[in-house]
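A look at the structure
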Amino acid sequence: MIRTLLAATALCCTMPALAKTIAVEAGADAQERLQEALILAEPGDVVELGAGRFELTDGLSLDVDNVVVRGAGMDKSILSFAGQLGAGEGLLVTSDDVVLRDFAVEDSKGDGIKSKGADRIVYHAIRVEWTGGPKASNGAYGIYPVEASDVLVQDSVVRGASDAGIYVGQSKNIIVRRNTAIENVAGIEIENSFDAEVTENLVTGNTGGILVFDLPNLPQMGGHNVLVARNAIIDNNTDNFAPEGNIVASVPAGTGVMVMANRNVQVVENAMINNGTTNVMVVAYTQSFDDANYDPTPREVYIAGNVYGRAGFAPDFEGGKQLAAAFGGALPGIVYDGLGRDLIVNDAVPVLSLGLTKVGQSPTEAQPSLYKQDGAGETVALSPIVLPASMEAALK
Amino acid sequence: MRTFFAAIALCLIGFAVSAAPSRPVADAVIISAGMPKKLSDFGFFKDAAGWQPNAGVELYQLNSALFTDYAEKYRYIYVPAGQQAVAENANGLLKFPVGSAIIKSFGYQIDGKDRLLETRVLLHRADGWLALPYVWNADQTEATLKVAGTRIPVRFTDPSGMVRDISYAVPNKNQCKECHSRDGAVVPIGPKVRNLSHDSLDMLLSNNMLQSLSGDHPPIPDYADAAMPLQSRARAYLDINCAHCHNRQGSASNSGLFLTYEEESPVHIGVGKRPVAAGRGSGGFAFAIAPGAPDQSILMHRLKSLEPGVAMPEVGRSLVHKEGAELLSQWIAEMGKD
């Protein structure tokens, strides 16, 4: 009786526990064991994934603050969703101060890892991959933080996403650095977000390398203050394999960096090589919309200090070939639709302006010419993004 | 230290109560910390099979109900003795006192017998609502906590007479929250004044479980009631099946697609709205709703798909709800005709 009483007492009365490590190994019932660990974890705990392949049948989710999910390495601890029967993503995180590191998510049916409203999230040395290569039937986003403050994605690898490999949406204060994005429709996409740095990434074999977009009819609009710096953006010529209807389905294959409907975007010190449509494209959102609060044009875009390799040899948009012919066989390394205001280019490359005069006009109505900017070619550097110390400390 | 003893005392009360036969609802178990392993620990039911609600646990019904793979659902409300729920406004949810519970059992008629698969409980504790899933054993004598959810193979006959084999998904604790979430906090979603059946409202009022209502409370129609206008049936269907996530504070807030009954902006309901993060869920279509063209509307594509990553809702559906899909299809088709 005493023993029963004590057991009951222990069950009922949860005393504050010390942070602990919950080890989960691959093998039978991985779905239930891992999901249970993610649910029963308490703030401060580490859920440690063993080496091996976790064969999962449903999406996983984490909703406990301040938990680390750590594997034995992005090629060692593999969460495979090839047999997934339900859920819209492989792993969903909805709590704050979470660190995800050193594991892989493969072949999820929807998105790879989504974190929604999860502030101060760290993705470190994560691999999200659709192992069959680029296919329209692959999930949309690889690493997908949305509606968050303070996001860090670093040293990760994403491959095969039918929308964006790394997609940060409707967030604030963001660093995406030292990642590899390969064979996605969009390598890295910053959408409807404020204050972001995309630096030192290798972005290759995608349809479009790095996209900075703003779209209408969303809770957070008015994307601004985005630095795209010191990235290698090479050979992004994969045919667009996004399902129709998605906004990225309209991105021309061979786009290095695309800035659309954003304000104060700086594209500096990147190496942009062998992108068949152009290395940098600065344009307005062209589709019809009904949203009085949305500005579809690009504004205050600053381009400087970049290294330009070959580009524009296979422009993938209507009238592109004729335009290229008029420019001696290839489009220049920078293409601008002519809309918005304050495009500043301090690189010694020609800039093609399509000379469009209104938003939504077809490129076939272009009045192409070389772009000549008004006024001074200087701009104010963006303030560096500072993340809470807890996030950087998590990587130690 | 006093708190610690008080907590032990509370636990002991719970323990003593659960050991006694034919006991009342275990209030202490509802409000104490922790996750009881067995459904019977709560004392919501008199019988081991979970069919006879205990005193204070009342069966209620909704005007329009969520589709969950044609499962039969049995819904109960428990409010602690001497306390009352309050209706905040006509559209809003009921505000329940701490110690309340919402209980929902899911089952099918299998081989001519009613069988329960799972019972989900929502417990209102001092620190908020907690959602827990309990799975019934084969003997139908106990349901056990399964925080990680599970899948159960089920064969049943649907309302049209068709035999169905499905992998029924019991949601995990976090998946409960995906739908039951407002601004990150868990809340009940079904029992709104406007969605409680007339009889259920009367029952709650006459049992003093609900404080008397003031003002008008126009009900949401039953979407299956063909006598009601098509527009309001369709909107009722979207409200109860989709709007738990698709609202400005819900887990699909980032989509910009808001399907609550009161949403007035056509583009946020989906008319002419382009997808944002739909991925292959777009099905190659440009708009969530293309007026007059249900077969080119993303909303219909996702409603009719069974593929994870495409199918909506993301949880609780492994079958197409034929009747619901027909209703929405008709609604979208009619849109083009004005």
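Notes on the structure follow. The structure displayed is predicted, hence computed values, not measured ones.

This paragraph deals with the sheet that holds strand β31 (residues 334–336) of chain A. Residues and elements named next belong to chain A. Read across the sheet, 12 strands follow the order β4-β7-β10-β13-β16-β19-β22-β25-β28-β31-β33-β34 without closing on themselves; strand pairing throughout is mixed. Two strands in the sheet have a free side with no partner beyond their single neighbour: β4 (60–62) and β34 (369–370). Bridging between strand β16 (residues 164–169) and strand β19 (residues 186–191) involves five bridges; their strand directions are parallel. Its bridge partner lying in β19, glycine 169 is registered against glutamate 191.

This model, assessed by the stated rule, comprises 17 aromatic pairs over all chains. Ring centres of tyrosine 285 of chain A and tyrosine 294 of chain A lie 5.6 Å apart, and the angle between their planes is 85°; on these two criteria the pair is classed as edge-to-face. Of the residues examined, tyrosine 294 of chain A reaches a relative accessible area of 6% and is grouped as buried. Ring centres of tyrosine 223 of chain B and tyrosine 237 of chain B lie 4.7 Å apart, and the angle between their planes is 80°; this geometry places the pair in the edge-to-face category. Here tyrosine 237 of chain B lies in helix α5 (residues 230–241) and tyrosine 223 of chain B lies in the loop between α4 (198–206) and α5, a separation of 14 residues in the sequence. Owing to a relative accessible area of 12%, tyrosine 223 of chain B belongs among the buried residues under this scheme. Judged by its relative accessible area of 3%, tyrosine 237 of chain B falls in the buried class. An aromatic cluster of at least three residues, connected via ring pairs, comprises Phe42, Phe44, Tyr78 and Tyr134 of chain B. Above the plane of the ring of phenylalanine 106 of chain B lies arginine 120 of chain B, whose end atom (NZ or CZ) is 3.9 Å from the centre.

Okay, the pattern of salt bridges next. Residues and elements named next belong to chain A. On inspection of all chains with the given rule, the structure shows 31 salt bridges over all chains. Close ionic contact of arginine 53 with glutamate 106 constitutes a salt bridge, the shortest N to O distance being 2.9 Å. Residue arginine 53 is located in strand β3 (residues 52–55), and its partner glutamate 106 is located in strand β9 (residues 104–106); the two are separated by 53 residues in the primary sequence. Measuring nitrogen to oxygen at the nearest pair gives 2.6 Å for the salt bridge that ties arginine 120 to aspartate 97. Remark: aspartate 97 occurs in the loop between β7 (89–93) and β8 (99–101) and arginine 120 occurs in the loop between β10 (111–116) and β11 (121–124); sequence separation between them is 23 residues. Judged by its relative accessible area of 25%, aspartate 97 falls in the partly exposed class. Connected through salt bridges with shared partners, the residues Arg53, Glu55, Asp75, Glu106, Arg127, Glu129, Arg159 and Glu183 form a single ionic network.

Let us now look at the pairing of strand β10 (residues 163–170) of chain B. Residue and element names in this part refer to chain B. Burial of the side chains of β10 is restricted to one face: Arg164, Ile166, Tyr168 and Val170 are buried, whereas none of Val163, Asp165, Ser167 and Ala169 on the reverse face is. Sheet analysis places strand β9 (residues 150–157) next to β10, joined by eight bridges and oriented antiparallel. From the neighbouring strand, arginine 155 faces β10, where its bridge partner is aspartate 165.

Cut-offs applied
Residues numbered from 1 in each chain as written. Chains lettered and ligands numbered in written order. Predicted model: local features only at pLDDT ≥ 70, side-chain atom pairs only at ≥ 80, totals over all residues. Heavy atoms only, no water. Pairing = 2+ DSSP bridges. Helix = DSSP H or I, 4+ residues; strand = E, 2+ residues; numbered from the N terminus. Phe/Tyr/Trp six-rings, centres within 6.5 Å; stacked < 30°, edge-to-face > 60°. Buried < 20%, exposed > 50% of the residue type's maximum accessible area, 1.4 Å probe, protein only. Lys NZ or Arg CZ within 6 Å of the ring centre and 35° of its normal. Salt bridge = Lys/Arg side-chain N within 4 Å of Asp/Glu carboxyl O.

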